[in-house]
Amino acid sequence: MNLTQREAQERLIKSEEYVSCTEAFLDCRLPGSIPKGNYSLIGPGVTQSENQVINLKEKHGFNIGAASMPNGVTNNLHIHFSAEVFMCTYGEYTFRWGAKGEYEYTAKEGDILSVPTWLFRGFTNTGPDGSWLFTCLGEDDTGGVIWHPGIMQAANESGMYLTKKNVLIDLEAGGTLPEDKSELMPAFPEEEFANLRQVNLAGMSRRISSRENRQFYSNALIDSVLPGHGCSIAPVIGFGITQDRNSQPNITNPHNFTMEVVKVPAGNKVGPFKIDEKMVIIQTHGQIELGLNEQQDVTVAIEANDTYSVPADAWRTINNNSEQEAEFIMITAGDARKRPQFSDKILADAYELGYTLDASGYIVKRKLIVEESTLLAD
């Protein structure tokens, strides 16, 4: 995989290129839900509007989006069929879940929250106007959402309907209902509430990664042993690309992606390396420069709040040329642990310093393992 400068640049979604849709969902006209912005950065997510702008339509095995709204505005109770992870990067949001939204947790900047499938959830901006949530949804086709029956009824009374194909019908904007009413999404049956997933506050707390409970591993990749190289990685969902055998994520159930928070010290770099899976970087603090291809002859600058999609099997070097630490969220396709492949020079230099990878791909001191050449000689 070799990228031209133009191809590489087209995979960068600058924060100023994010396009909000304020009529993306069934509840967009309900009191207390106006206005709320929905963003589809990679894939459509669960938008129900044909007018939603999608920055990058290429399939990744997951969708990246965002939500933002003024203080006090609410996204009402609904169910997802695939994983939904919220990343609060600015402000504060209060999440509610349960049959009646009876449980609450207030997320602050830096919090990452994974809400289980088949559970009603909603959220309110309880921070400043424009508080920001990035979202990651599992699968390419998320299957849409199921709205709480009370919300669906109120939305219908406001002139908003939803088809079984997850398409909004806005009577006020000139839309018409189908002659066959069976094409409309029915209300969620009241008798099925008892069969929904039950998650109390203690259960949800185990699915929250915050700045206070997040554990970073400083020797996360083999090049961390080299001068001028290195980063710290905090696994959040799944085991990701880490090569530190002691790394433990907060959340391990399948999402169809793994998620890690990465810090690169000022003046440091990571790589070059490549992996078999697609990777998305959401820059949260500072800035980095990606050097792409084996020759690193293509570069892309990624600044705070930008999103970047790295193709599968592409060589990349992550450079922090600034004077401050850079931090980003790294999302990689697939539930399995990833196996980064570093350049031969990186591996040789690490070897000379006394480090290598064991048979499972974890960093180990050379002196602690029996090397393949020894086994062959025996």
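None of these values were measured; they are calculated from a predicted model.

Some details on the overall build of the protein chain
And step 1. Scanning the protein chain from N- to C-terminus turns up five helices and 27 strands.
And step 2. Taken along its principal axes, the extent of the C-alpha atoms in the protein chain is 75 × 45 × 40 Å.
And step 3. Across the 378 residues that make up the protein chain, the buried fraction comes to 55%.
And step 4. In the protein chain, 73% of the contacts between residues at least 6 apart in sequence involve partners at least 24 apart.
And step 5. Looking at the protein chain as shown, the accessible area adds up to about 16800 Å², and 48% of this sits on carbon and sulfur atoms.
And step 6. Of the side chains in the protein chain, 32 bear a positive and 50 a negative charge, and the two mean positions are spaced by 4 Å.

Thoughts on the pattern of salt bridges
And step 1. Scanning all chains against the criterion turns up 14 salt bridges.
And step 2. Taking the shortest distance from any N to any O, the salt bridge between Arg29 and Glu172 comes out at 3.8 Å. Highlighted residues: Arg29 in the loop between strand E1 (12-13) and strand E2 (37-42) and Glu172 in the loop between strand E14 (168-170) and helix H3 (201-205), separated in sequence by 143 residues.
And step 3. With a shortest N-O distance of 3.4 Å, Glu327 and Arg211 are connected by a salt bridge. Taken as a pair, Glu327 in strand E24 (residues 326-333) and Arg211 in the loop between strand E15 (208-209) and strand E16 (232-237) lie far apart in primary sequence, 116 residues in all.
And step 4. Residue classification places Glu327 among the buried positions, given a relative accessible area of 7%.
And step 5. Through salt bridges with shared partners, a single network forms among Arg11, Glu58 and Lys278.

Concerning unusual backbone geometry
Across residues other than glycine, the phi torsion is negative in most instances, and most of the peptide bonds are trans.
And step 1. Residue Pro35 is bonded to the preceding Ile34 through a cis peptide linkage, with omega at -15 degrees.
And step 2. Along the chain, Pro35 turns up in the loop between E1 and E2.
And step 3. For the bond running from Gly271 to Pro272, omega is 10 degrees, close enough to zero to count as cis.
And step 4. In this structure, Glu139 takes a positive phi of about 75 degrees despite not being glycine.
And step 5. Relative to the helices and strands, Glu139 resides in the loop between strand E11 (131-138) and strand E12 (145-147).

Overview of the pairing of strand E4 (residues 62-69)
Taken residue by residue, a regular strand's side chains alternate between the two faces of the sheet.
And step 1. Along E4, eight of the eight residues are buried, which leaves the element largely enclosed by surrounding structure.
And step 2. Burial along E4 is two-sided: Phe62, Ile64, Ala66 and Ser68 and Asn63, Gly65, Ala67 and Met69, pointing in opposite directions, are all buried.
And step 3. Relative to E11, E4 runs antiparallel, the two being bridged by eight bridges. In the strand pairing of E11, Ile64 is matched with Cys136.

Observations concerning the sheet that holds E4
And step 1. As summarised here, the arrangement of the seven strands in space is E3-E2-E4-E11-E6-E9-E15, forming an open sheet in which the pairing is mixed. Two strands close off the open sheet at either side, each with one partner strand: strand E3 (54-56) and E15.
And step 2. Sheet topology note: the strand E9 (residues 112-115)/E15 ladder contains two bridges and is antiparallel. The residue of E15 that forms the bridge with Leu113 is Ile208.

What to know about the packing of aromatic side chains
And step 1. Per the stated rule, a full pass over the model turns up 16 aromatic pairs.
And step 2. Taking the centre distance of 4.7 Å and the plane angle of 50 degrees together, the rings of Phe86 and Phe95 count as tilted.
And step 3. Looking at Phe95, the relative accessible area reads 3%, which means it is buried.
And step 4. Each residue in the set Tyr18, Tyr39, Trp132 and Phe134 is aromatic and connected to the rest through ring pairs, giving one cluster.
And step 5. The positively charged end of Arg316 is found above the aromatic ring belonging to Phe273, 5.2 Å away from the centroid.
And step 6. The lysine or arginine in question, Arg366, covers the ring of Tyr351, its NZ or CZ lying 3.9 Å from the ring centre.

Calculation notes
Residues numbered from 1 in each chain as written. Predicted model: local features only at pLDDT ≥ 70, side-chain atom pairs only at ≥ 80, totals over all residues. Heavy atoms only, no water. Helix = DSSP H or I, 4+ residues; strand = E, 2+ residues; numbered from the N terminus. Buried < 20%, exposed > 50% of the residue type's maximum accessible area, 1.4 Å probe, protein only. Contact = heavy atoms within 4.5 Å. Areas by Shrake-Rupley, 256 points an atom, 1.4 Å probe, with all protein chains shown as cover. Lys, Arg positive; Asp, Glu negative; His and termini not counted. Charge placed at Lys NZ, Arg CZ, Asp CG, Glu CD. Salt bridge = Lys/Arg side-chain N within 4 Å of Asp/Glu carboxyl O. Pairing = 2+ DSSP bridges. Phe/Tyr/Trp six-rings, centres within 6.5 Å; stacked < 30°, edge-to-face > 60°. Lys NZ or Arg CZ within 6 Å of the ring centre and 35° of its normal.

No statement about biological role is implied by the geometric values presented.
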